[in-house]
Amino acid sequence: MTPLTHLRRGDASPGVVLAIVCAGVVLAGLDLFIVNLALPDMARELDAPLSSLSWVLNAYAIVYAALLVPFGRLAERRSRDLGFLLGVLVFTVASAACAAAWSVTSLVVFRVLQAAGAAPLTPTSLSLILATAPDERRQSSIRAWTALGGLAAALGPVVGGLLVAAD
């Protein structure tokens, strides 16, 4: 199978590419804010003071922001699709590890790994859209990508609250 970095427009279904990369961006956006409302429950579960959990939020945000540009640049130089897939893999494995965290320190370390996985998703997803969308659909594809990313960030606390209420 030909990697997407070698595709010309028309070689991949723009709709399929848009759906897949938007799913990745939604995961990264949700995860940035999804734990906010769960902090008191996490403190209780991990038997830690609430004040010690600030790094659960901050570590993700700092690492995600710091790695967006370098990972995006690296993926552009090497392989967009490989960068995206590697980001999804690291993000998914780190998310499972967060669920199994046994202490605040382990949770913070796994959140850092989550952010390192999420960081390449954003720039490579936009790059993949630009590489596959036909000229007449490029603007609407970028609008959809932007809207879904913003919606995911806005829904993060809501989804987090629903998950806390369901547990």
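Each value, and the rule that gives it
Residues numbered from 1 in each chain as written. Predicted model: local features only at pLDDT ≥ 70, side-chain atom pairs only at ≥ 80, totals over all residues. Heavy atoms only, no water. Helix = DSSP H or I, 4+ residues; strand = E, 2+ residues; numbered from the N terminus. Rg over C-alpha atoms; globule rule 2.2 N^0.38 Å. Buried < 20%, exposed > 50% of the residue type's maximum accessible area, 1.4 Å probe, protein only. Contact = heavy atoms within 4.5 Å. Lys, Arg positive; Asp, Glu negative; His and termini not counted. Charge placed at Lys NZ, Arg CZ, Asp CG, Glu CD. 1 Å grid on protein atoms, 1.4 Å probe; cavity = no way out; pocket = protein on both sides within 12 Å on 5 of 7 lines; lining within 4 Å. Points joined across faces, edges and corners; volume = space filled by probe spheres on them. pLDDT = per-residue confidence, 0-100. Core = buried A, V, L, I, M, F, W, Y, C linked by side-chain atoms within 4.5 Å. Patch = residues over 30% accessible without salt bridge, like charges linked within 9 Å, V, L, I, M, F, W, Y side chains within 5 Å. Areas by Shrake-Rupley, 256 points an atom, 1.4 Å probe, with all protein chains shown as cover. Salt bridge = Lys/Arg side-chain N within 4 Å of Asp/Glu carboxyl O.

Check the secondary structure of the chain and you find 7 helices and 0 strands. Here the C-alpha radius of gyration of the chain, 17 Å, is about what a compact globule of 167 residues would show, namely 15 Å. When the 167 residues of the chain are sorted by exposure, 43% land in the buried category. Restricting to contacts in the chain with at least 6 residues of sequence separation, those with at least 24 account for 76%. Where the 11 positive side-chain charges of the chain centre and where its 10 negative ones centre are 13 Å apart.

Moving on to empty space enclosed by the protein. Following the criterion strictly, the structure yields 1 cavity of 30 Å³ or more and no others. As a volume, the largest cavity reaches approximately 30 Å³. Around the largest cavity, the lining residues are Pro14, Val17, Leu18, Ile129, Thr132, Ala133 and Ser141. If you list the elements that add at least two residues to the lining of the largest cavity, you get helix 1 (14–33) and helix 6 (121–132). If you tally residues by element for the lining of the largest cavity, the top one is helix 1, at 3 residues.

Any residue range with low pLDDT should be treated as having predicted coordinates unsuitable for detailed reading. The predicted model of the chain has a mean per-residue pLDDT of 86, with 93% of residues at 70 or higher. For the chain, the element scoring lowest by mean pLDDT is helix 2 (residues 39–46), at 86; helix 5 (residues 104–118) scores highest, at 95. Here residues 1–10 is modelled with pLDDT under 50, and outside its nearest four sequence neighbours on either side it reaches 16 contacts, counting other chains as well.

Val21, Ala28, Tyr60, Tyr64, Ala118 and Ile129 are the most contacted members of the largest nonpolar core, which has 19 residues in total. Listing elements by their share of this core, those giving two or more residues are helix 1, helix 3 (54–77), helix 4 (80–99), helix 5 and helix 6. When residues of this core are assigned to their parent elements, the largest contribution, 6 residues, is made by helix 1. Leave out the neighbours within four places in its chain, and Tyr60 touches Ala28, Asp31, Leu32, Trp55, Phe91, Arg111, Gln114, Ala115 and Ala118. One finds Ile34, Val56, Ala59 and Cys98 within the second-largest nonpolar core, a separate group that totals 18 residues.

The subject of this paragraph is a nonpolar patch on the surface. There is a patch of nonpolar side chains on the surface, built from Leu148, Leu151, Leu155, Val158 and Leu162 and spanning about 430 Å² of accessible area. Counting through the fold element by element, Leu151 comes out in helix 7 (residues 135–166).

This next bit is on the pattern of salt bridges. When the charged atoms of two side chains lie near each other, side chains of opposite charge can form a pair. Evaluated as defined, the whole model comprises 3 salt bridges. Between Arg111 and Asp31 there is a salt bridge, with the nearest N and O atoms lying 3.0 Å from each other. With Arg111 in helix 5 and Asp31 in helix 1, the pair connects residues that are 80 residues apart, well separated along the chain. For the pair shown, Arg111 and Asp31 are each scored as buried.

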